[in-house]
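Overview (structure and organization)
So the chains spell out like this:
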Amino acid sequence: HIRREKATSNICSNQSFIASLAGASMLARGDEGFEETLKKSRALAEKAAEALTQFEELRALDSNYEQDKVVDRIVEIYLTLGQQAVSERPASSNDLTTIQDYFRKILRLKTGDEIAKVENDLLEQYLLGARSLTQGSLDQAVNNLKSVYESRPEYLGGLLVEQLYSAYLAMGDRAQANGEFEA
């Protein structure tokens, strides 16, 4: 146990809770359900990317041709691609950059788009948390990652939960190394 005067959170309870949620989510899907969802998601993303290419080509040919309609479609596609991507585990950090580009492109096209702003803010919070975790700033990592978790526990296909769990474990290890546990 951590001495009460030095405790900043209930690490043991939080770790167990997060691990239970991650496990329950994976069990509920099952291998077949998870694979089917992944296949459908990828097919949708491919169709959306094809449509996006066509709308971008149309916009390049004549940026004034039904401008509002074309921009609306482009925004809709970027939003679909971005939201789909944050629901799946990224293959690399480059995927996160691509996702962030989707949301930023929406905000350049429609500066007041609330959904894109929320999505972009969540991703930025996640990236700050992941960076803080890598740098060993555990309190900051937990704060950032936990704020995303409170909005979307399944964010990035479980990667968020794993990183939050890792941050809590590292905090526990640090507390133990500093002698903050009672005998």
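From a predicted model like this one, the values you see are computed outputs, not experimental measurements.

Conventions we followed
- Residues numbered from 1 in each chain as written.
- Predicted model: local features only at pLDDT ≥ 70, side-chain atom pairs only at ≥ 80, totals over all residues.
- Heavy atoms only, no water.
- Phe/Tyr/Trp six-rings, centres within 6.5 Å; stacked < 30°, edge-to-face > 60°.
- Helix = DSSP H or I, 4+ residues; strand = E, 2+ residues; numbered from the N terminus.
- Buried < 20%, exposed > 50% of the residue type's maximum accessible area, 1.4 Å probe, protein only.
- Core = buried A, V, L, I, M, F, W, Y, C linked by side-chain atoms within 4.5 Å.
- Axes fitted to C-alpha atoms, helices over the stretch in contact; angles between N-to-C directions.
- Parallel < 35°, antiparallel > 145°, perpendicular 65-115°, else oblique.
- Left-handed = near helix turned anticlockwise from the far one by under 90°.
- Contact = heavy atoms within 4.5 Å.
- Nonpolar A, V, L, I, M, F, W, Y, C, P; charged D, E, K, R; others polar.
- Expected span 1.5 Å × (residues − 1).
- pLDDT = per-residue confidence, 0-100.
- Salt bridge = Lys/Arg side-chain N within 4 Å of Asp/Glu carboxyl O.

**Let's talk about the packing of aromatic side chains**
Under the criterion given, the structure shown has two aromatic pairs. Between Tyr-78 and Tyr-102, the ring centres sit 5.6 Å apart and the planes meet at 35°, which makes this aromatic pair tilted. One end of the pair, Tyr-78, is in helix H2 (residues 67-86); the other, Tyr-102, is in helix H3 (residues 93-109), and 24 residues separate them in sequence. Ring geometry for Tyr-126 against Tyr-155: centres 6.3 Å apart, planes inclined by 50°, an arrangement best described as tilted. Taken together, the positions of Tyr-126 in helix H4 (residues 114-135) and Tyr-155 in the loop between helix H5 (138-151) and helix H6 (159-177) put the pair 29 residues apart, joining distant regions of the chain. The same class applies to Tyr-126 as to Tyr-155, namely buried.

**Quick notes on the nonpolar core**
Soluble globular proteins: nonpolar side chains tend toward being buried together. Judged by nonpolar contacts, the single largest core of 39 residues is most densely connected at Leu-123, Tyr-126 and Tyr-155. Broken down by secondary-structure element, the contributors of at least two residues to this core are helix H1 (11-61), H2, H3, H4, H5 and H6. Element by element, the count of residues in this core is highest for H2, at ten residues.

**Digging into the packing of H2 against H3**
Here H2 crosses H3 at 155°, and the two axes come no closer than 9 Å. It follows from the interaxial angle that H2 and H3 lie roughly antiparallel. Seen along the crossing, H2 lies across H3 with a hand that is left-handed. In contact with Val-71, Ile-74, Val-75, Tyr-78, Leu-79, Leu-81, Gly-82, Gln-83, Ala-85 and Val-86 of H2, H3 contributes Ile-99, Tyr-102, Phe-103, Lys-105, Ile-106 and Leu-109. Looking at side-chain class alone, the contact of H2 with H3 contains 13 nonpolar, two polar and one charged residues.

**Examining H2**
Helix length check: H2, at 20 residues, gives a terminal C-alpha distance of 28 Å against a target of 28 Å (1.5 Å per residue), a fit within 8%. Looking at H2, one finds that the buried residues are Val-70, Val-71, Ile-74, Val-75, Ile-77, Tyr-78, Leu-79, Leu-81, Gly-82, Gln-84, Ala-85 and Val-86.

**So, unusual backbone geometry**
The backbone of Leu-156 shows a phi angle near 55°, a positive value even though the residue is not glycine. Along the chain, Leu-156 falls in the loop between H5 and H6. By relative accessible area, Leu-156 is classed as buried at 0%.

**Comments concerning the packing of H5 against H6**
Packing of H5 against H6 brings their axes to within 9 Å, and their N-to-C directions diverge by 150°. Relative to H6, H5 is oriented roughly antiparallel. Every pair of crossing elements has a handedness; the one defined by H5 and H6 is left-handed. Each of Leu-138, Asp-139, Ala-141, Val-142, Leu-145, Lys-146, Val-148 and Tyr-149 in H5 lies in contact with H6, whose residues at this interface are Leu-160, Val-161, Gln-163, Leu-164, Ala-167, Tyr-168, Ala-170, Met-171 and Arg-174. A breakdown of the residues in the contact of H5 with H6 according to their chemical character gives 13 nonpolar, one polar and three charged.

**Focus on the confidence of the model for the protein chain**
In this model, the protein chain carries a mean pLDDT of 82, and residues with pLDDT of at least 70 account for 80%. When the elements of the protein chain are averaged for pLDDT, H1 gives the smallest value, 64, and H5 the largest, 97. Note on residues 1-16: pLDDT is under 50 here. Beyond four places in sequence and across chains, it has 23 contacts.

**Here's the deal with the pattern of salt bridges**
Within this structure, the stated rule accounts for six salt bridges. A salt bridge links Lys-110 to Asp-72, with the nearest nitrogen and oxygen atoms 2.5 Å apart. With a gap of 38 residues between them, Lys-110 in the loop between H3 and H4 and Asp-72 in helix H2 connect regions that are remote in the sequence. Look at Lys-110 and you get partly exposed, because its relative accessible area is 33%. Here Lys-117 and Asp-121 are joined by a salt bridge, their closest N and O atoms 3.1 Å apart. On the criterion of helical spacing, the pair formed by Lys-117 and Asp-121 is a turn pair, its members being four residues apart in helix H4.

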